Amino acid sequence: MNNWNTRKSLILRASDPDDHSAFEEFVYYYKNFIKMVFVKLGVSENQSGDLLQDLLLKLWKDIGKFDTKREKSNFRGWLSVVIRHEVYRFFKKNKKESDALATMPLASISESEVDNLIEEEWKAYVTSLAVGKMKSHFDGNAMKIFQMT
């Protein structure tokens, strides 16, 4: 089992439009991660907030389309496609020049490279969440030793 996977129970709960707390929990875990991916894909910091709101709204509407019953379903794979499409749409919408796609930062990155970037960002993000939780349970010296190793 892959320890980096999103809990299917959270996805199932978040796909229920009446379970607002589940979607809030989903947003808590994913919003900073998504913003980091946006920045890595060339979206400026000041534009990433609006794009994040658009994407979260889209996810709220579409998360029920993700099939958790398939044995090999991969939520982050599905999410990376949604993020990639939203970033492409964002650059097309915000660039007035006819060659907007050719000049945007995402144009030089293949889909598999975007997926790999998202996977690496996820691992770094989950690790930082875990370290943040550990800091509340250990004193400064223990954390310094842990971080040095």
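Quick caveat: nothing in here was measured; it's all calculated off a predicted structure.

Asks: How should the overall build of the chain be read in this particular structure?
Replies: The number of helices and strands found in the chain is seven helices and zero strands. Secondary structure elements of the chain occur, N-terminal to C-terminal, as α-α-α-α-α-α-α. Counting across all 149 residues of the chain, residues that qualify as buried make up 32%. Taking the intrachain contacts of the chain between residues at least 6 apart in sequence as the baseline, contacts between residues at least 24 apart amount to 62%. Summing over all exposed atoms, the chain offers an accessible surface of approximately 9600 Å²; the carbon and sulfur share of this is 53%.

Asks: Looking at this structure, I do not really get the nonpolar core. What am I missing?
Replies: Nonpolar side chains in soluble globular proteins generally cluster together in the buried interior. Counting 30 residues, the largest nonpolar core has Phe33, Ile34, Phe38, Leu59 and Ile83 as its most contacted members. Listing elements by their share of this core, those giving two or more residues are α1 (8-14), α2 (20-40), α3 (45-62), α4 (75-94) and α6 (111-135). Examining the composition of this core, we find that eight residues originate from one element, α2, more than from any other. The residues touching Ile83, leaving out its near neighbours within four places in the chain, are Ile34, Val37, Phe38, Leu41, Leu55 and Ile118.

Asks: Would you explain the packing of aromatic side chains in this entry?
Replies: Both the distance between ring centres and the angle between the ring planes are used here to describe each pair of aromatic rings. The final tally for this structure, using the stated rule, is six aromatic pairs. By way of ring pairs, the aromatic residues Phe23, Phe26, Tyr30, Phe33 and Tyr125 are connected into one cluster.

Asks: Can you help me understand the pattern of salt bridges in this one?
Replies: Opposite charge on two side chains allows them to pair when their charged atoms are near. Overall, the coordinates contain four salt bridges when judged by the stated rule. Across the salt bridge formed by Glu86 and Arg89, the nearest N and O atoms sit 2.6 Å from each other. Here the residue Glu86 and the residue Arg89 both occupy positions in helix α4, the gap between them amounting to three residues, near one helical turn. What makes Glu86 buried here is its relative accessible area of 6%. You can call Arg89 partly exposed: its relative accessible area is 31%.

Asks: How should I be thinking about α4 in this particular structure?
Replies: In an α-helix, one turn spans 3.6 residues, which is why side chains three or four residues apart end up on the same side. Here α4 spans 28 Å end to end across 20 residues, near enough to the 28 Å set by a 1.5 Å rise per residue. Those residues of α4 that sit buried are Phe75, Arg76, Leu79, Ser80, Val82, Ile83, Arg84, Glu86, Val87, Phe90 and Phe91.

Asks: Please clarify how the environment of Lys123 should be interpreted in this entry.
Replies: Among the structural elements, Lys123 can be located in helix α6. You can call Lys123 partly exposed: its relative accessible area is 28%. Residues Lys123 and Phe33, 90 residues apart in the sequence, show an inter-C-alpha distance of 10.0 Å.

Asks: Just checking my understanding: could you explain the packing of α2 against α3 for this structure?
Replies: When two helices pack together, their arrangement is captured by the angle between the axes and the distance separating the axes. It is the contact of α2 with α3, at a shortest axis distance of 10 Å, that shows an interaxial angle of 135°. In terms of orientation, α2 lies oblique with respect to α3. Where α2 crosses over α3, the two elements pack in a sense that is right-handed. Contacts between α2 and α3 pair Phe23, Phe26, Val27, Lys31, Ile34, Lys35, Phe38 and Val39 from the former with Glu45, Ser48, Leu51, Leu52, Leu55, Leu56, Leu59 and Trp60 from the latter. Its residues assigned to classes, the contact of α2 with α3 comprises 12 nonpolar, one polar and three charged.

Asks: What's the story with the confidence of the model for the chain in this structure? I'm lost.
Replies: Close inspection of predicted coordinates is inappropriate for parts of the model with low pLDDT. Mean pLDDT over the chain works out to 77, with 81% of the residues at or above the 70 mark. Confidence, expressed as mean pLDDT per element, reaches its minimum in the chain at helix α5 (residues 100-103) with 46 and its maximum at α3 with 88. Under a pLDDT of 50 for its full length, residues 97-103 has, in the predicted model, seven contacts with residues more than four places off or in other chains.

What counts as what
- Residues numbered from 1 in each chain as written.
- Predicted model: local features only at pLDDT ≥ 70, side-chain atom pairs only at ≥ 80, totals over all residues.
- Heavy atoms only, no water.
- Helix = DSSP H or I, 4+ residues; strand = E, 2+ residues; numbered from the N terminus.
- Buried < 20%, exposed > 50% of the residue type's maximum accessible area, 1.4 Å probe, protein only.
- Contact = heavy atoms within 4.5 Å.
- Areas by Shrake-Rupley, 256 points an atom, 1.4 Å probe, with all protein chains shown as cover.
- Core = buried A, V, L, I, M, F, W, Y, C linked by side-chain atoms within 4.5 Å.
- Phe/Tyr/Trp six-rings, centres within 6.5 Å; stacked < 30°, edge-to-face > 60°.
- Salt bridge = Lys/Arg side-chain N within 4 Å of Asp/Glu carboxyl O.
- Expected span 1.5 Å × (residues − 1).
- Axes fitted to C-alpha atoms, helices over the stretch in contact; angles between N-to-C directions.
- Parallel < 35°, antiparallel > 145°, perpendicular 65-115°, else oblique.
- Left-handed = near helix turned anticlockwise from the far one by under 90°.
- Nonpolar A, V, L, I, M, F, W, Y, C, P; charged D, E, K, R; others polar.
- pLDDT = per-residue confidence, 0-100.

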